[in-house]
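A closer look at the structure
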Amino acid sequence: MKTVQKQKNVEKWKTIKGTYALKRMKSLAHWQAIDQAHRLRIPLAIPIYETKKRDGQWYYMMPWLKEKTDPTSSFFHDLARWHKHSLKEMQTTETEIERYYEERKLSLENAKKTLTHYIETCEKQWYMSPFQLQCCTHFLDVMRAIAFSEHTLNEWRERMREKKTVRICYIHGRPSFQHYVERDDGTSYFISFEQARWAPPFHDLLLFFRQYLHTYPMICDDAVHWLSQYEQTLALEEDERLLFFHLLVDPHRFVHLIHQYEQQRHHLQMTTAWQRAYWQMKNIEYVIGKWEEKETNQIQS
């Protein structure tokens, strides 16, 4: 054998029987996450050869596969299949529902107070920095996002009071097109599920779209189409969709940026970070608006 390539935690090995990836994991928890996925016999989880712990590290070996040629054609269908395999329903109590609701509600109230106080402070200054000027310019848009987040949270609470059950599954934990590969015969697999865990199925969608929509302003019709692809295989229930939208909007990144700016005063860096967060928020707003419009049209028809 000879090492062909090495990058970060992965080594690419070429042998007479094929090319393989040898991957080092960062913790025992990552090893346990992968082991659980294989114990559940989840379809689309790449077959691996489990190696022993050595020198305080955990490793596994798998075939070296190429990224999917056209991932968007089947990624969300296969992600839904992954979720559906381990999907189960759990009972919850009104006390648990109320506790979660109060935690999220208080968090939103604190975000509103922080943003409002900061804007008032900025407006009292004779000269605002570029970062502060952006905060003031986008303040009303951010507050509208918070209002929408509050609305979906309230709707979720009402739904859950009647339902009192939640669905969970063994989610991938790091869903992305880069973690979706194929063999030469076109067979698809997911890789890199070291952060897999039990959670509601929409959590993988949340992780994917937060990352995908964190970019420049764009017409995100593809995202609406991908959500439809997912729901063709595993439809989200109404309470799941409400909580998904509530968490996707999440205005707390703006509060975090304000705290970071006040501590560091890196004007250009923080102004750029705020602008990207604002673009992400507007992209999310577009996707949710189009998705709700699509749902309304289907109901009417």
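Above this text sits the structure in question.
Remember, predicted model here, so these are calculated numbers, not experimental data. (Residues numbered from 1 in each chain as written. Predicted model: local features only at pLDDT ≥ 70, side-chain atom pairs only at ≥ 80, totals over all residues. Heavy atoms only, no water.)

Details of the packing of aromatic side chains
Quick note on the threshold: Only Phe, Tyr and Trp rings are paired, with Trp represented by its six-membered ring, and only when their centres lie within 6.5 Å; those with planes under 30 degrees apart are stacked, over 60 edge-to-face, the remainder tilted. Segments assigned H or I by DSSP are reported as helices when at least four residues long, segments assigned E as strands when at least two residues long, and all are numbered from the N terminus. Categorising residues by exposure relies on relative accessible area from a 1.4 Å probe, with only protein chains included: less than 20% of the type maximum marks a residue as buried, more than 50% marks it as exposed, and the intermediate range marks it as partly exposed.
Throughout the structure, instances matching the rule amount to 25 aromatic pairs. Here Phe76 and Phe177 contribute two aromatic rings whose centre-to-centre distance is 6.5 Å and whose plane-to-plane angle is 90°, an arrangement assigned as edge-to-face. One end of the pair, Phe76, is in helix α2 (residues 75-86); the other, Phe177, is in the loop between β8 (165-171) and β9 (180-182), and 101 residues separate them in sequence. The pair Phe76 / Phe177 is uniform in exposure class, with both members buried. A ring pair is formed by Phe76 and Trp226, whose centres lie 5.4 Å apart and whose planes are at 20°; its orientation type is stacked. Here Phe76, found in helix α2, pairs with Trp226, found in helix α6 (residues 221-233); they are 150 residues apart in sequence, far enough to count as distant. Here the two residues Phe76 and Trp226 agree in accessibility, since each one is buried. One aromatic cluster is present, built from ring pairs that chain together Phe75, Phe76, Trp82, Phe177, Tyr180, Phe190, Phe193, Phe208, Phe209, Tyr212 and Trp226.

A look at the packing of α2 against α6
Each pair of packed helices can be summarised by the angle the axes make with each other and by the distance between the axes. Heads up, the rule is: Axis lines are fitted through C-alpha atoms, for helices just across the contact stretch, and the angle between N-to-C directions can take any value from 0 to 180 degrees. For this classification, under 35 degrees means roughly parallel, over 145 means roughly antiparallel, 65 to 115 means roughly perpendicular, and everything else is oblique. Two helices crossing with the near one rotated counterclockwise from the far one by less than a right angle form a left-handed crossing, whereas a clockwise rotation gives a right-handed crossing. Contacts are assigned to residue pairs that have any heavy atoms within 4.5 Å of one another. Residue classes follow a fixed rule: Ala, Val, Leu, Ile, Met, Phe, Trp, Tyr, Cys and Pro count as nonpolar, while Asp, Glu, Lys and Arg count as charged, and any other residue, Gly among them, counts as polar.
Axis separation between α2 and α6 bottoms out at 8 Å; the angle between their running directions is 40°. Judged by the inter-axis angle, α2 sits oblique to α6. In this structure, α2 meets α6 at a crossing whose hand is right-handed. Of the residues in α6, those in contact with Phe76, His77, Leu79, Ala80, Arg81, His83 and Lys84 of α2 are Trp226, Gln229, Tyr230 and Thr233. Taken together, the residues of the contact of α2 with α6 break down into five nonpolar, four polar and two charged.

Observations concerning the pattern of salt bridges
A side chain of one charge can pair with a side chain of the opposite charge when the charged atoms of the two come close. Which entries qualify depends on this criterion: Criterion for a salt bridge: a side-chain nitrogen of Lys or Arg within 4 Å of a carboxyl oxygen of Asp or Glu.
Tallied over the full model, the rule gives 21 salt bridges. For Asp239, the salt bridge goes to Lys163, with nearest N and O atoms at 2.7 Å. Here Asp239 is found in helix α7 (residues 238-249), whereas its partner Lys163 is found in helix α4 (residues 130-163), with 76 residues between them in sequence. The exposure class assigned to Lys163 is partly exposed, which follows from its relative accessible area of 25%. The closest approach of N and O atoms between Glu238 and Arg241, which form a salt bridge, is 3.0 Å. Here Arg241 and Glu238 lie together in helix α7, a separation of three residues that amounts to about one turn.

By themselves, these observations are geometric and do not establish any function.
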